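# Per-entry structural report
The residues making up each chain are set out below.
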Amino acid sequence: MRLIYLLLLSIIIDQPVSPSSSVPILCYHNISADDSRKSSALSISRLQLRAQLKALADSGYHSILPDQLYAYLTTGKKLPDRPVMITFDDTRTEHFTIAAPLLQEYGFKGVFFVMTVPVAKPGYMNASQIKALSDMGHVIGAHTWDHPHAKGIRPSDREKQLVNPRHVLEKITGKPVEYIAYPFGEWNETVIADVQISGYKAAFQLTGKVSPANKLYTIRRIMVNGSWSGPRLQQELKIVFK
Ligand SMILES: [Zn+2]
């Protein structure tokens, strides 16, 4: 299962990039407390995450949250200088234990896209950790119930994969959950329609094509390679988010 997940993500990463948004959005997955472990597209060590966040802070980047991006994209409301959105997918415990303190250290707020099936299972955040992130000013977004592929989300699954996870996360955080990240970054127009009906204002993918008719539901993010240095990260952002 995990191997298939890695394989599919590697296919996604190799897709050609077509720039469309000027606001850089980063996507992280696993974070390792073991700094000797090799970083990759799906995993970053604590040391490397600190180096990347420090580089962004030192270069004057300001983290923005989905409501700010939404206002910018729909009304042109001004963003801070050098905006960046920092997102974390898949509910891992290290998002709370490692990422949140590092974000705080550099004055950033992040977005955590939580799939709900593993909540409180070993290795994954529990409800009070998710609530604590929300209380710290980070944003909790949805990431479906159990991470299906886009073609696997039939209209009959809407309640299970899109509506109920939103309700679960709203109950945990006490706040509206209005944004979702597609598992594997995959979407199609049917899924977009389901996401809209399910009450989401915008949806985030990875570096796939953008739907001309539904730009708010195909917002692009870059999967950050954990091995990138701070300067390399900034170079990559300039290439993808021209
Ligand atoms: Zn995911």
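For the structure, check the block above.
The structure displayed is predicted, hence computed values, not measured ones.

As enumerated under the stated definition, the model contains four aromatic pairs in all. Taken together, a centroid distance of 5.5 Å and an interplanar angle of 45° make the contact between F113 and F204 tilted. Placement of the pair is F113 in strand 6 (residues 111–114) and F204 in strand 9 (residues 202–204), with a sequence separation of 91 residues. We classify F113 as buried; its relative accessible area is 0%. In this structure F204 comes out as buried when scored by relative accessible area, which is 1%. Members of the aromatic cluster, joined through ring pairs, are Y28, F88 and F112. Its guanidinium or amino end placed over the ring of Y200, R166 lies 5.9 Å from that ring's centre, counting from NZ or CZ. Above the face of the Y70 ring, K201 is positioned so that its terminal group lies 4.5 Å from the ring centre.

Okay, helix 3 (residues 66–75) next. Every buried residue of helix 3 is accounted for by P66, L69 and A71. If you follow the buried residues of helix 3, they end up packed against strand 1 (25–28), strand 5 (83–89), strand 6, strand 7 (139–142), strand 8 (179–181) and strand 9. G76, located one to two residues past helix 3, shows a positive phi value of around 80°.

Here we take up the pattern of salt bridges. Pairing is possible between side chains of opposite charge, provided their charged atoms come close. Overall, the coordinates contain eleven salt bridges when judged by the stated rule. The partner of K201 in a salt bridge is D67, and the shortest N-O contact between them spans 3.8 Å. Of the two residues, K201 sits in the loop between helix 7 (189–197) and strand 9 while D67 sits in helix 3, which places them 134 residues apart along the sequence. Relative accessible area serves as the criterion here: at 25%, K201 is assigned to the partly exposed category. Notably, a salt bridge pairs D194 with R158, separated by 3.0 Å at the nearest N-O pair. On the criterion of sequence distance, the pair formed by D194 in helix 7 and R158 in helix 6 (residues 158–173) is long-range, its members being 36 residues apart. For D194, a relative accessible area of 3% puts it in the buried group.

On to the packing of helix 4 (residues 93–105) against helix 5 (residues 127–135), then. Two numbers describe how helix 4 lies on helix 5: the axes approach to 9 Å, and their chain directions differ by 40°. As far as their axial angle goes, helix 5 and helix 4 are oblique. The handedness of the crossing between helix 4 and helix 5 is left-handed. Only Q129, A132 and L133 of helix 5 make contact with helix 4, whose side of the interface consists of T93, H95, F96 and A100. Residue classes in the contact of helix 4 with helix 5 are distributed as four nonpolar, three polar and no charged.

Calculation notes
Residues numbered from 1 in each chain as written. Predicted model: local features only at pLDDT ≥ 70, side-chain atom pairs only at ≥ 80, totals over all residues. Heavy atoms only, no water. Phe/Tyr/Trp six-rings, centres within 6.5 Å; stacked < 30°, edge-to-face > 60°. Helix = DSSP H or I, 4+ residues; strand = E, 2+ residues; numbered from the N terminus. Buried < 20%, exposed > 50% of the residue type's maximum accessible area, 1.4 Å probe, protein only. Lys NZ or Arg CZ within 6 Å of the ring centre and 35° of its normal. Contact = heavy atoms within 4.5 Å. Salt bridge = Lys/Arg side-chain N within 4 Å of Asp/Glu carboxyl O. Axes fitted to C-alpha atoms, helices over the stretch in contact; angles between N-to-C directions. Parallel < 35°, antiparallel > 145°, perpendicular 65-115°, else oblique. Left-handed = near helix turned anticlockwise from the far one by under 90°. Nonpolar A, V, L, I, M, F, W, Y, C, P; charged D, E, K, R; others polar.

Limitation: the analysis is restricted to geometry and does not speak to function.
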